[in-house]
Amino acid sequence: MVRRPPALNRALTAVLHRPLPVPPERLRRGPFTAGRFTSGLHTERVAASLGVWLGIAFGVCFLTGLISHFLQHQPHWATAFPSRPVSFYRVTQGLHVATGLASIPLLLAKLWTVYPKLWSWPPARTLAHAVERGSLFILVAGAAFQLVTGLMNVMGWYAFRFFFTPAHYWTAYITIGALLIHIGTKIAITRRALFTTDNEDPPSRPGALSRRGFLTTVGAAAGVVTLATIGDTAGPLSRISPLAVRRASVGPQHLPVNKSAKSARIQESVVAATFRLVVSGPDTRSLSLEELRGMPQHDAILPITCVEGWSAVGHWSGVRLRDLLEQSGIAGDRWVRVESLERGGLYRSSEVSPALARDPLTLLALRLGGEPLALDHGFPCRLIAPNRPGVLQTKWVHRIVAL
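Residues numbered from 1 in each chain as written. Predicted model: local features only at pLDDT ≥ 70, side-chain atom pairs only at ≥ 80, totals over all residues. Heavy atoms only, no water.

### Observations regarding the sheet that holds strand E1 (residues 277-280)
Our working rule: The pairing criterion is simple: DSSP has to find at least two bridges between the two strands. For helices the rule is a DSSP run of H or I covering at least 4 residues; for strands it is a run of E covering at least 2, with both sets numbered from the N terminus onward. Under this scheme, a helix contributes an axis fitted over its contacting stretch, all axes are lines through C-alpha atoms, and angles between N-to-C directions fall in the 0 to 180 degree range.
Strand order in the open sheet formed by five strands is E2-E1-E10-E5-E6, and the pairing between neighbours is mixed. In the strand order of this sheet, the two ends are held by strand E2 (285-287) and strand E6 (349-352), each with one partner. Going across the sheet, the axis of each strand differs from the next one's by a mean of 15°, ignoring polarity. Relative to strand E10 (residues 397-402), strand E5 (residues 336-340) runs antiparallel, the two being bridged by five bridges. Bridge pairing in E10 places arginine 337 opposite valine 401.

Right, dumping it as structure tokens:
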């Protein structure tokens, strides 16, 4: 480790903490005017309480977001994620979206509470103070970007021209990093505001909202947002979730779809007439749909979970993937790639780890709810596996390749 000379440390400290010139008093107008903000809710105690709530929500959202990213863009070390319980990803992704949506009213309330701080006079007392205030821009901008684009993703409104997933992933690190720095600089103030009695809020004006009333209102708003949208994940609550984007029972065979066969340019008449499933391995096999239906059939009750937050459970029937791999002589330690008839798209194929490929619940499903797959659900066969994002549950499968 390179150590700076003590003289250099003292010089840097002196520069950072040297008082900056105070701007002329004539510039102190508008929001800079003394006494401009009179509400008794713009206090450290209120800001600290909201900061704790927001920190918890952001922390949960960040951790569950990492799970979602590593399952969707799976490095080989991510195979350590468990395949049981089968609703693990459904719960974590639902929690990710729910905490993200609940963070919107919390962030708005937090920004309103600390808004007067933006207009403190003088704007910057020292260079260090100026740097600290400037760093908050990164935190606020990152948080706003994450919540706004996340909301647009949940709604399926991709008005932006960048790919959402990597932008959301990398901005999360920037935002959480800025949040940790902010917590480090404000932890003493937060502790004093929450746990000492010498920081009581000033008396409220007659008829004004009290601190407790304000925090209760904000908490209730976050709760209403959660209940209004959680039906996407928790089916039994769909009746009280008017803002849920998807309904678990709405769609072909009572299951939602994101990408239709029409958008993927899949035609049932062409597929039915020419379909062959090719399993490439030491003993490559080419199977017709009738041959697949003649193999031992197995059932699995598994959810389809979309990164947008919705999920729905289906009763699937089909051929175990491991049976197909064994018949083609593919070793148990091999990854496999499952390819779709879809000709384009980022997710026209997906890779399956050895453990998941040999899982008894991993199927090439031929039926859903006792009926042959609808075309929009991947007719003639699709991949279905536990704890796997919906975009990786490849539809219209026609080839399996050992890697």
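### Description of the nonpolar core
Proteins that are soluble and globular tend to have nonpolar side chains buried together. We apply this condition: Throughout, nonpolar core names a set of buried Ala, Val, Leu, Ile, Met, Phe, Trp, Tyr and Cys residues whose side chains join them through atoms within 4.5 Å. Exposure categories follow from relative accessible area, calculated using a 1.4 Å probe and restricted to protein chains: below 20% of the type maximum is buried, above 50% is exposed, and the middle band is partly exposed.
Among the nonpolar cores identified, the biggest contains 49 residues, and Leu277, Leu292, Trp316, Leu324 and Ile400 are the most heavily contacted of them. Among the nonpolar cores identified, the runner-up in size contains 25 residues, and Leu50, Leu54, Leu107 and Ala222 belong to it.

### Considering unusual backbone geometry
With an omega of -5°, the peptide bond running from arginine 84 to proline 85 counts as cis. Here proline 85 is to be found in the loop between helix H2 (44-72) and helix H3 (88-114). Cis geometry is found at the peptide bond from tryptophan 121 to proline 122, where omega equals -5°. A positive phi angle is found at histidine 254, which is not glycine, with a value near 60°. Following the sequence through the fold, histidine 254 ends up in the loop between helix H6 (211-229) and helix H7 (268-274). Judged by relative accessible area, which is 62%, histidine 254 ranks as exposed. Positive phi, normally seen in glycine, also occurs at arginine 265, with a value near 60°. With respect to the helices, strands and loops of the structure, arginine 265 is situated in the loop between H6 and H7.

### Some remarks on the packing of aromatic side chains
Put simply, the rule reads: Any two rings among Phe, Tyr and Trp, with Trp reduced to its six-membered ring, count as a pair given centres within 6.5 Å; such a pair is stacked if its planes are under 30 degrees apart, edge-to-face if over 60, and tilted if neither.
Counting across every chain of the model gives 11 aromatic pairs. Between the aromatic rings of tyrosine 169 and tyrosine 173, the centroid separation amounts to 5.1 Å while the plane-to-plane angle is 85°, which identifies the pairing as edge-to-face. Residue tyrosine 169 and its partner tyrosine 173 are both found in helix H5 (residues 164-195); the two are separated by four residues, about one turn of the helix. Put simply, the rings of Phe62, Phe70, Tyr169, Trp170 and Tyr173 pair up and form one aromatic cluster.

### Overview of the pattern of salt bridges
Put simply, the test is: Think of a salt bridge as a Lys or Arg side-chain nitrogen and an Asp or Glu carboxyl oxygen that are within 4 Å of each other.
Taken as a whole and judged by the stated rule, the model has seven salt bridges. Of the charged contacts, one joins arginine 276 and glutamate 291 as a salt bridge, the two residues approaching to 3.9 Å between their closest N and O atoms. Of the two residues, arginine 276 sits in the loop between H7 and E1 while glutamate 291 sits in helix H8 (residues 289-294), which places them 15 residues apart along the sequence. With a relative accessible area of 38%, glutamate 291 lands in the partly exposed category.

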